[in-house]
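Commentary on secondary and tertiary structure
So you can see what is in the structure, the chains are spelled out below.
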Amino acid sequence: MLSAARSTADSVTVLRTGPTGISEYDPLVLATDAGRTAFFPTPETSRVRDLVTAMEDGELPTDGAAAVVDHDAERTTLPVPTDGPLAVGKRRVLGPCGWLDPLDPTAYQFHSLDRDASAVADAGLVGRGRCDAAADEPVADAWRRARETDGDPVVVVNANDADDRQRADRTLLAGSPMSVLDGVAAVAEYLGTADAVIHVAETDTELRARLREAIDAAADELPVVPVVATGPDEYRAGEPTAALEAIEGADRIEPRLQPPTPAEYGLYGRPTVIHTPRTFARVRLALAGPEGTDRDAASTTRLLTVTGDVAAPATIEVGSDARLSKARNAVELEGSFKMACVGGVFGGLTRTLDITPTAAELTAAGLGTEGVVELLNDERCAVATAGERARFASEANSGRCVPGREGTVQLTELLRAVYQGSFDRGKIRELGRVMSRSSNCLLGAHAPRPVLTAMDEFESSFEAHTDGRCPSGTCSDKL
Ligand code: SF4
């Protein structure tokens, strides 16, 4: 499609942008001229040629466009239609995605060059996502500790999340890598280092190649030129200290015991700040002005990937004071809504989305803070969903600690027993408590969450299974 557009173009500029986060629209073609942009989701190649030809003739094509938006001709963020999935939320961190050329550093204003990251640290920014060593915690603590620890500090971008429910990091790296690199440069400067590493899955060759192109393109503009390192495409390799082991090339990928934290003993023993692309892009936004910080829920945002039983997943950005229910407007649900799993594979099951996406409120509701809202329809069984995730935990854990290794197996067995007529609520809850408190890493600590929240919300469904009935009719082969 891109080559068709380029071969048709003579005087018209054809740019390859990155994803917007709305996969229903991919590939999205924008025709833009003098502050007016027409949106053409998933066009045929012949249509793309027609669009370019019309523009060559001096006309902005709008016939058949999903939306036409008038805007400031100089804008550096995607102009947003007034309805449809792109209209959901605020698109601040996501702003450049789908609009700027991801490989052109001149399209970005690099804030790391003229701003001090201490102000960001002081502004209460918290880390985003399970692959972040400061997940839901102020980044300032880790930054200061790394700066005060003896040794040669290093910055790590942990972008190896094998849970493909979470698509925000990938969207940012593909759609606005310069934003992430800008945030990395700011943190590196704060630490007084020029060393940075970006950790991606070894299977993600396309992202790796694009990332290397972006790093090469920005090399003359930014003081830090990260190297790209790969790790196995496995869930546990996303845990921040396991990611450090993966980058070091360890044979067995296991989360480390803490303390010491990565800030004190990180990559090859060096003081290390390790964040997700989401956090680094947020650092850039915070450098640009106060609205990127987390002090005030009304002025900050959270990235959410909306997935599950939907026609196409979407990554959106909503205000921290918005309700999660907004996420439903960004996708087309297949079937009737039954429940959501909020927080990734080990998120919590809930019937209501009347809750804000802040870490404090999600945690208080027993839900996860991964930035994933999985919408599940009425063909889903809560018991089966909880069981699948317990089994995944028993297979995906590293085996390093007893609560993680044995606890996940016991949890799976206790759920199997429900299908055989025995539902031991007390034992499941006690096991969940022990795993949450004493697992070495968040995989074991969060593994019981789908089961515990399913019991809270769908207790009668567990009882029905002990009687040989699945209310949603999906477990008949197991009963
Ligand atoms: S909880 Fe324990 S066994 Fe599970 S992944 Fe973490 S360290 Fe490994």
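The structure displayed is predicted, hence computed values, not measured ones.

As summarised here, the arrangement of the 5 strands in space is 9-8-12-10-11, forming an open sheet in which the pairing is mixed. Two strands in the sheet have a free side with no partner beyond their single neighbour: strand 9 (314–319) and strand 11 (348–350). Pairwise comparison of adjacent strand axes, ignoring direction, gives a mean angle of 30 degrees for this sheet. In this sheet, strand 12 (residues 372–377) lies alongside strand 10 (residues 337–342) in antiparallel orientation, the contact comprising 5 bridges. What sits directly across from Met339, in strand 12, is Leu376.

Inspection of the region around the ligand gives 13 residues, with Asn397, Ser398, Cys401, Cys441 and Gly444 positioned closest. Put simply, the parts of the chain that give the shell around the ligand at least two residues each are helix 12 (402–419) and helix 14 (442–446). Partitioning the shell around the ligand into residue classes produces 4 nonpolar, 7 polar and 2 charged.

This next bit is on the sheet that holds strand 7 (residues 272–275). Backbone-to-backbone hydrogen bonds join strands into a sheet, with any given pair of strands oriented parallel or antiparallel. Spatially, the 4 strands line up as an open sheet ordered 6-5-4-7, and their pairing is parallel. Each edge of the open sheet is held by one strand with a lone partner, namely strand 6 (227–231) and strand 7. Geometrically, the sheet is characterised by an average inter-axis angle of 25 degrees between neighbouring strands, direction not taken into account. Where strand 4 (residues 154–158) lies against strand 5 (residues 196–201), 4 bridges are found, and the strand directions are parallel. Directly across from Val155, in strand 5, lies its bridge partner Ala196. Packing against the sheet, helix 6 (residues 177–191) makes contact with strand 4, strand 5 and strand 7, and its axis sits at approximately 155 degrees to strand 4. The sheet contacts of helix 9 (residues 277–288) involve strand 4 and strand 7, and relative to strand 4 the element is tilted by about 115 degrees.

At a minimum axis distance of 6 Å, the contact between helix 12 and helix 16 (residues 459–466) shows a crossing angle of 65 degrees. On the side of helix 12, the interface is formed by Leu415, Val418 and Tyr419, while helix 16 contributes Phe462, His465 and Thr466. A breakdown of the residues in the contact of helix 12 with helix 16 according to their chemical character gives 4 nonpolar, 2 polar and no charged.

Turning our attention to the packing of aromatic side chains. Taken as a whole and judged by the stated rule, the model has 6 aromatic pairs. Ring centres of Tyr235 and Phe346 lie 5.5 Å apart, and the angle between their planes is 85 degrees; this geometry places the pair in the edge-to-face category. In this pair, Tyr235 is assigned in the loop between strand 6 and helix 8 (240–248) and Phe346 in the loop between strand 10 and strand 11, connecting sequence segments 111 residues apart. Both residues of the pair, Tyr235 and Phe346, belong to the buried class. Aromatic pair Phe423 and Phe462: ring centres 5.0 Å apart, planes at 20 degrees, arrangement stacked.

A word on the environment of Phe337. Tracing the sequence through the fold places Phe337 in strand 10. Relative accessible area serves as the criterion here: at 22%, Phe337 is assigned to the partly exposed category. Here Phe337 is in contact with Arg328, Thr350, Arg351, Leu353, Leu375 and Leu376, once residues within four sequence places are set aside.

The sheet contact formed by strand 5 and strand 6 spans 5 bridges and is parallel. Its bridge partner lying in strand 6, Val200 is registered against Thr230. After leaving strand 5, the chain enters helix 7 (residues 205–218) and then returns to the sheet as strand 6, a path that is right-handed.

Right, let's get into the side chain of Glu239. Checked against the element boundaries, Glu239 lands in the loop between strand 6 and helix 8. Arg130 provides the closest opposite charge to the buried, unpaired Glu239, separated from it by 7.7 Å. Those residues in contact with Glu239 that lie beyond four places of it in its chain are Arg130, Asn158, Pro255, Gln258 and Cys441.

Structurally, the protein comprises domain 1 (2–84), domain 2 (107–291), domain 3 (301–377) and domain 4 (382–466). Centre-to-centre, using C-alpha coordinates, domain 2 lies 32 Å away from domain 4. Domain 2 puts 11 residues into the contact, and the matching count from domain 4 is 9 residues. A combined buried area of about 900 Å² lies between domain 2 and domain 4, and 57% of that area is made up of carbon and sulfur atoms. The largest share of the area that domain 2 buries against domain 4 comes from Tyr235, Arg236 and Pro255, three residues that together contribute 47% of it. Our enumeration of links across domain 2 and domain 4 arrives at 1 salt bridge. When the shortest N-O distance is used, the salt bridge between Arg400 and Glu254 registers 3.9 Å. A breakdown of the residues in the side of domain 2 that touches domain 4 according to their chemical character gives 4 nonpolar, 1 polar and 6 charged.

It is worth spelling out the environment of Val306 at this point. Within the secondary structure, Val306 is located in strand 8 (residues 301–308). Here the alpha-carbon distance between Val306 and Arg165, two residues 141 residues apart in the chain, equals 8.1 Å. Look past the residues within four positions of Val306 in its chain and what remains in contact with it is Pro313, Ala314, Ile316, Ala327, Val331, Val373 and Leu375.

Cis geometry is found at the peptide bond from Asp26 to Pro27, where omega equals -10 degrees. The omega torsion of the bond from Pro259 to Pro260 falls at 5 degrees, within 30 degrees of zero and hence cis. As for its position among the elements, Pro260 is in the loop between helix 8 and strand 7. Of note, the phi angle at Arg91 is positive, near 50 degrees, even though the residue is not glycine.

Thresholds, definitions, all that
- Residues numbered from 1 in each chain as written.
- Predicted model: local features only at pLDDT ≥ 70, side-chain atom pairs only at ≥ 80, totals over all residues.
- Heavy atoms only, no water.
- Pairing = 2+ DSSP bridges.
- Helix = DSSP H or I, 4+ residues; strand = E, 2+ residues; numbered from the N terminus.
- Axes fitted to C-alpha atoms, helices over the stretch in contact; angles between N-to-C directions.
- Near = heavy atom within 4 Å.
- Nonpolar A, V, L, I, M, F, W, Y, C, P; charged D, E, K, R; others polar.
- Contact = heavy atoms within 4.5 Å.
- Phe/Tyr/Trp six-rings, centres within 6.5 Å; stacked < 30°, edge-to-face > 60°.
- Buried < 20%, exposed > 50% of the residue type's maximum accessible area, 1.4 Å probe, protein only.
- Right-handed = clockwise from strand over helix to strand, strands pointing away.
- Lys, Arg positive; Asp, Glu negative; His and termini not counted.
- Salt bridge = Lys/Arg side-chain N within 4 Å of Asp/Glu carboxyl O.
- Domains from an automatic or database assignment.
- Buried area = accessible area lost by both parts, 1.4 Å probe.

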